[in-house]
Amino acid sequence: FRPAQLTTVGKRCCLWIQDLCLDLQNLERARDDLRFRGVKGTTGTQASFLQLFEGDHSKVEELDRIVTTKAGFKRAYMVTGQTYSRKVDIEVLSVLASLGASVHKICTDIRLLANLKEIEEPFEKDQIGSSAMPYKRNPMRSERCCSLARHLMTLVLDPLQTASVQWFERTLDDSANRRVCLAEAFLTADIILSTLQNISEGLVVYPKVIERRIRQELPFMATENIIMAMVKAGGNRQDCHEKIRVLSQKAAAVVKQEGGDNDFIARVRADAYFSPIHKQLESLLDPSSFTGRAPQQVAKFLKEEVRPALIPYQSKMGGKIELAL
């Protein structure tokens with residue numbers, strides 16, 4: 001949370017989207033990896049079915065296949081105990097917990113940016129931001145997502161412990177726990193995602209506030225560019241570095257001790273030492289020259305990774321994908 005090299009709102013959003021795309025991939029993988037327990041009998045040996053079919057193993061296997069298909073699964077586990085391995089529950093909840101971490105990180109970023117007044121989540125006309133302080137616009141949706149995401153992340157501890165204490169083919173202490181944690185995980189993930197959708201669809205960006213902060217911080221960020229320009233103009237790097245060190249500390253003192261604006265560039269303009277590059281200062285301070293390939297990265301990422309990943313969901317989202325991107 002310290003000033004550093006500039007990025008763009010779009011690039012930061014793409015980092016959020018990339019995490020969500022990874023979660024989507026993991027969810028699809030976990031779903032596709034799920035198998036049916038199948039017709040395995042009390043402890044998984046299929047003994048009762050083998051007896052029913054008078055020792056005909058092929059009929060037992062065929063029954064297993066038919067029931068698996070009718071249950072909507074492509075595959076069944078070849079070996080089970082009284083239940084399928086409880087490690088399957090770990091896999092499912094790990095994916096949901098990872099999604100919780102992604103949403104928590106996104107909403108934490110939004111909360112920090114809201115404090116800077118650069119970005120805000122949607123705020124209703126009659127919404128009360130604080131019961132005590134009427135002027136406040138607390139990011140309540142993002143706060144709610146973070147709160148629920150923490151709960152979602154902790155739920156994976158339940159199946160971890162359950163799987164580790166299963167005695168032999170199964171112990172019955174798994175049942176009550178699973179009925180709670182599995183349902184809670186899916187319900188919590190659902191409300192987190194619907195809230196995040198509400199936030200993202202109504203997200204507000206304030207370019208003028210961003211511009212003001214850049215003006216405050218950019219002069220110090222531009223020092224390296226100024227040094228390079230001076231060296232190209234024939235200056236000595238060490239001498240230039242010392243000049244800038246002194247001027248930047250004086251400018252920092254004005255900001256920190258007097259509450260004034262950053263006047264570093266004004267000091268550079270007033271110093272005859274930097275006269276060889278005075279005409280270049282405007283271009284050296286162009287914010288777009290500090291964001292690198294962020295615009296190109298965003299365009300490439302949306303085109304080559306996000307859109308292909310969402311194509312299967314196009315019809316389900318009512319054609320909103322192209323509009324959103």
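Residues numbered from 1 in each chain as written. Predicted model: local features only at pLDDT ≥ 70, side-chain atom pairs only at ≥ 80, totals over all residues. Heavy atoms only, no water.

## Some remarks on the UniProt feature "domain: Adenylosuccinate lyase C-terminal" (unreviewed entry) in the protein chain
Per the UniProt record, the feature "domain: Adenylosuccinate lyase C-terminal" (unreviewed entry) sits at residues 218-302. Helix makes up 66% of residues 218-302 and strand 0%, and the two end C-alpha atoms of the span are 29 Å apart. (UniProt positions renumbered as here; feature names shortened; annotations may be inferred. Helix = DSSP H or I, 4+ residues; strand = E, 2+ residues; numbered from the N terminus.)

## A closer look at the packing of aromatic side chains
Each aromatic ring pair is summarised here by two numbers: the centre-to-centre distance and the angle between the ring planes. For the coordinates displayed, the defined rule picks out three aromatic pairs. Taking 5.9 Å as the distance between ring centres and 55° as the angle between the ring planes, the aromatic pair formed by F220 and F264 counts as tilted. Remark: F264 occurs in helix α11 (residues 264-270) and F220 occurs in helix α8 (residues 207-221); sequence separation between them is 44 residues. Residue class for F220 comes out partly exposed when judged on its relative accessible area of 28%. According to the relative accessible area criterion, F264 is buried, its value standing at 0%. Ring centres 5.1 Å apart and planes at 90° place the aromatic pair Y273 and F274 in the edge-to-face group. The class of F274 is buried, set by a relative accessible area of 0%. Taking NZ or CZ as reference, R86 lies 4.9 Å from the ring centre of Y84, over its face. (Phe/Tyr/Trp six-rings, centres within 6.5 Å; stacked < 30°, edge-to-face > 60°. Buried < 20%, exposed > 50% of the residue type's maximum accessible area, 1.4 Å probe, protein only. Lys NZ or Arg CZ within 6 Å of the ring centre and 35° of its normal.)

## Describing the pattern of salt bridges
Within this structure, the stated rule accounts for 18 salt bridges. For R65, the salt bridge goes to E62, with nearest N and O atoms at 2.5 Å. Here E62 and R65 lie together in helix α3 (residues 57-70), a separation of three residues that amounts to about one turn. Owing to a relative accessible area of 45%, R65 belongs among the partly exposed residues under this scheme. For E62, a relative accessible area of 35% corresponds to the partly exposed category. Taking the shortest distance from any N to any O, the salt bridge between E118 and R213 comes out at 2.7 Å. Note that E118 is positioned in the loop between α4 (87-115) and β1 (119-120) and R213 in helix α8, a separation of 95 residues in sequence. Look at E118 and you get buried, because its relative accessible area is 8%. Salt bridges sharing partners connect three or more residues here, namely R29, D33 and E91. (Salt bridge = Lys/Arg side-chain N within 4 Å of Asp/Glu carboxyl O.)

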